[in-house]
Amino acid sequence: QLGVPACIYILIRSNDSAKIRFPNSKKRELTMKKLCLLIALVASSVFAQEEDMRRSYIDLEDRAYKMQDAIQTFPGRRMSASTNPLPMPTADLPGDFKIHYEWEGESYGIEDFNERTNSNALLILKNGAIVKEIYRNGSEADTKFISWSTAKSFTSTMVGIAVEDGYIDSVEEALTNYLPALLGSAYEGVSIKNTLQMSSGVEWDESSYEFRDLSKPLAYQWENSIVQHRYRFIEGANSLLQSIQPGSKFNYSTMDSSILGWLVENSTGKRLASYMEERLWHPAGMEFDAVWLLDGPEEIGREMAGGMLAASLRDFGRYGLLMLNNGRSGERQVISENWVREATSADEEAVSYGALYEGYPLGYGYQWWLFPDGNFEAQGLFGQLLYIAPEENVVIVKLSAWPEGLVEEMEFESYAFFDAVVSALKDF
């Protein structure tokens, strides 16, 4: 069998007298150059089809199903399930237990909520037990749903574990202490903490999610890195500019999160997926395999730390329980309690409650969205929500297929539903 690299070599070095003979064919010989040209044409056609699949992934058509099959579209690195999964029993609730919520003067139930807000799957946990587990649009317990930016919160946790393991001394340090390739870039002088809190000061416009508009940095990086595999996503950092003083203003940036994934890789000397499997996925008792999707072919691609982890509904729930329980999974302390507390605190003016956007009440921690009442969440494009209410011991995972990247009406209706869930479970 001739691979494409071998064909390129033959095209350069061979002459038309080199031939391959086919004994059972009427046309009994073919020059090596012609054969290699044929193989190259077929290969380029296959590559083009794969690019088109990746490019069209974010289109509206069949979105509910696309959110379930990203591992068929993008290359990835697998993290194996734990051999000792954390139990998730069924909650002992009255047979007539129901959830109703109010939205814009109307009362709705859980089925209404799932339909109105395009749910793919929904999990509600109270005290570590399953209150509701709902799969829609053909999904099942082992379906690997793409998380989009919910993955950012996992990346943040891996930074915390790298600190605990001694690979990183402090989040107050400069990124360039661990990523010298960033010297001379806009990230020189930016601390790890600045990056965790999305206040790097590096110019980045993520105000829209129109991936065909290549004037936007996210769309440009998506096309050239995730779609075409021309270079790794983080390499785009070299073309960015410093716009304001680091730490002075919140600016949501998938590039910041991707840099954090690179930080974990460089400081530990391990692939992000390998380190996470060893230090989080197995110790936390995850039930199913998960896949970190890559920004290039498996042999050279990096885990897309800013938004492309694919995992099961229950395992997203287990991660929520881990954060709810101050880093503990069963009897095991997987993440330090100090890190969980720091990661879910808005301890700088730039990320304090109400400072992120005009009229927006949330604050921001280390890649976590924070509510004034002490609840917090991981949030991803097209409605991937991992909501944690520590005081009430409730975790809610909602995996969706919204018609746009951000749909404010569906987001805030989801919060109304979450509040109703917490309230309904208060006495259980």
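Residues numbered from 1 in each chain as written. Predicted model: local features only at pLDDT ≥ 70, side-chain atom pairs only at ≥ 80, totals over all residues. Heavy atoms only, no water.

1. Focus: the overall build of the protein chain
Our working definition: Helix and strand definitions here come from DSSP, where helices need a minimum of 4 consecutive H or I residues and strands a minimum of 2 consecutive E residues; each element is numbered from the N-terminal end. Burial classes: relative accessible area under 20% of the type maximum marks a residue as buried, over 50% as exposed, and values in between as partly exposed (1.4 Å probe, protein chains only).
On a plain count of helices and strands, the protein chain comes out with twelve helices and 17 strands. Counting over 428 residues, the protein chain shows a buried share of 55%.

2. Describing the environment of Trp222
For clarity, the cut-off: By definition in these notes, contact holds between two residues if any of their heavy atoms fall within 4.5 Å.
By secondary structure assignment, the location of Trp222 is in helix H7 (residues 217–227). With near-sequence residues (within four places) excluded, Trp222 lies in contact with Arg54, Ile58, Phe74, Trp148, Phe211, Val227, Phe233 and Met308.

3. Digging into the sheet that holds strand S17 (residues 394–400)
Note on sheets: strands pair through backbone hydrogen bonds, and any given pair is parallel or antiparallel. Basically, it comes down to this: The rule for pairing is simple: two strands pair if DSSP sees at least two bridges between them. To obtain an axis, a line is fitted to C-alpha atoms, over the contacting stretch when the element is a helix, and the angle between two such axes runs from 0 to 180 degrees between their N-to-C directions.
Taken together, seven strands build an open sheet; the order of strands is S7-S6-S17-S16-S15-S14-S13 and the sheet is antiparallel. Two strands lie at the open edges of the sheet, namely strand S7 (129–135) and strand S13 (363–364), each paired on one side alone. Alignment of strand S6 (residues 119–126) against S17, held across seven bridges, turns out to be antiparallel. Looking across to S17, one finds that Leu123 is bridged to Val397. Those strands touched by helix H10 (residues 313–324) are S6, S7, strand S15 (376–380), strand S16 (384–389) and S17, and its axis lies near 145° from that of S17.

4. Some words on the side chain of Glu377
Here is the rule we go by: Counted as positive: Lys and Arg. Counted as negative: Asp and Glu, with His and the chain ends omitted from the count. In the sections that follow, a salt bridge refers to a side-chain nitrogen of Lys or Arg positioned within 4 Å of a carboxyl oxygen of Asp or Glu. Side-chain atoms alone can form a polar contact between residues adjacent in sequence; in general such a contact is a pair of N or O atoms within 3.5 Å, and within protein one must be able to donate a hydrogen while the other accepts it.
Assignment of secondary structure puts Glu377 in strand S15. Lys398 is the oppositely charged side chain nearest to the buried, salt-bridge-free Glu377, at an N-O distance of 11 Å. Of the polar contacts made by the side chain of Glu377, one reaches the side chain of Tyr415; its length is 2.5 Å. Apart from the residues within four sequence positions on either side, Glu377 is in contact with Trp368, Trp369, Phe371, Leu385, Leu386, Tyr387 and Tyr415.

5. Observations concerning the pattern of salt bridges
Tallied over the entire structure, the rule returns 21 salt bridges. The shortest N-O distance in the salt bridge between Arg136 and Glu115 comes to 2.6 Å. Of this pair, Arg136 sits in the loop between S7 and strand S8 (145–146) while Glu115 is found in helix H4 (residues 110–116), placing the two residues 21 residues apart along the sequence. Between Glu287 and Arg318 there is a salt bridge, with the nearest N and O atoms lying 3.1 Å from each other. Pair noted here: Glu287 is in the loop between helix H9 (272–281) and strand S9 (290–293) and Arg318 is in helix H10, with a separation of 31 residues, a long-range link. The exposure class assigned to Glu287 is partly exposed, which follows from its relative accessible area of 26%. The buried category is assigned to Arg318, whose relative accessible area is 3%. Each of Glu133, Glu287, Arg314, Asp315 and Arg318 takes part in one network of salt bridges that share partners.

6. Re the packing of helix H5 (residues 151–164) against H10
Quick reminder of the rule: Orientation categories follow fixed angle ranges, with anything under 35 degrees roughly parallel, anything over 145 roughly antiparallel, 65 to 115 roughly perpendicular, and all other angles oblique. Should the near helix be turned counterclockwise from the far one by less than a right angle, the crossing is left-handed, whereas a clockwise turn marks it as right-handed. The classification used treats Ala, Val, Leu, Ile, Met, Phe, Trp, Tyr, Cys and Pro as nonpolar, Asp, Glu, Lys and Arg as charged, and all other residues, Gly among them, as polar.
Running from amino to carboxyl end, H5 crosses H10 at an angle of 45°, the nearest separation of the two axes being 12 Å. In terms of their interaxial angle, H5 and H10 are classed as oblique. Where H5 crosses over H10, the two elements pack in a sense that is left-handed. Contact residues: Ser153, Phe154 and Thr157 in H5; Phe316, Tyr319 and Met323 in H10. In terms of residue class, the contact of H5 with H10 is built from four nonpolar, two polar and no charged.

7. A look at the side chain of Gln197
Counting through the fold element by element, Gln197 comes out in the loop between helix H6 (192–196) and H7. Side chain to side chain, Gln197 and Asp347 meet in a polar contact 2.8 Å long. Not counting the four nearest positions on each side in its chain, Gln197 is found in contact with Phe250, Ser345, Asp347, Glu348, Val351, Tyr364, Gly365 and Tyr366.

8. Topic: the nonpolar core
This is how the line gets drawn: Throughout, nonpolar core names a set of buried Ala, Val, Leu, Ile, Met, Phe, Trp, Tyr and Cys residues whose side chains join them through atoms within 4.5 Å.
Counting residues in each nonpolar core, the largest one holds 92 residues, and the members touching the most others are Tyr187, Ile192, Ile259 and Leu280. Per-element tally for this core: the top contributor is H10, with seven residues. Once you skip the residues sitting within four places of it in the chain, Ile259 turns out to touch Leu175, Leu179, Leu182, Tyr187, Ile234 and Ala237. With 35 residues, the next largest nonpolar core counts Phe113, Met198, Ala389 and Val394 among its residues.

9. Points about the confidence of the model for the protein chain
Our working rule: Per residue, pLDDT captures the predictor's confidence, and it can take any value from 0 to 100.
Mean pLDDT over the protein chain: 92, with 89% of residues reaching 70 or higher. A low-confidence stretch, residues 38–45 stays under pLDDT 50, and its non-local contacts, those more than four residues away or across chains, total three contacts.

10. Quick look at the environment of Pro403
Within the secondary structure, Pro403 is located in the loop between S17 and helix H12 (408–424). Pro403 gets classed as partly exposed once you look at its relative accessible area, which sits at 31%. Placed 286 residues apart in sequence, Pro403 and Thr117 show a C-alpha to C-alpha distance of 9.6 Å. Excluding residues within four positions of it along the chain, Pro403 makes contact with Leu60, Arg63, Asn118 and Met410.

11. Re the sheet that holds strand S3 (residues 76–79)
The four strands are arranged S3-S9-S10-S8 in an open sheet whose pairing can be described as antiparallel. On the outer flanks of this sheet lie S3 and S8, each paired with one strand and no other. One ladder, built from two bridges, connects S8 with strand S10 (residues 309–311); its direction is antiparallel. Within S10, the position partnered with Ile146 by the bridge is Ala310. The sheet strands contacting H9 are S3, S9 and S10, and the helix crosses S3 at an angle near 20°.

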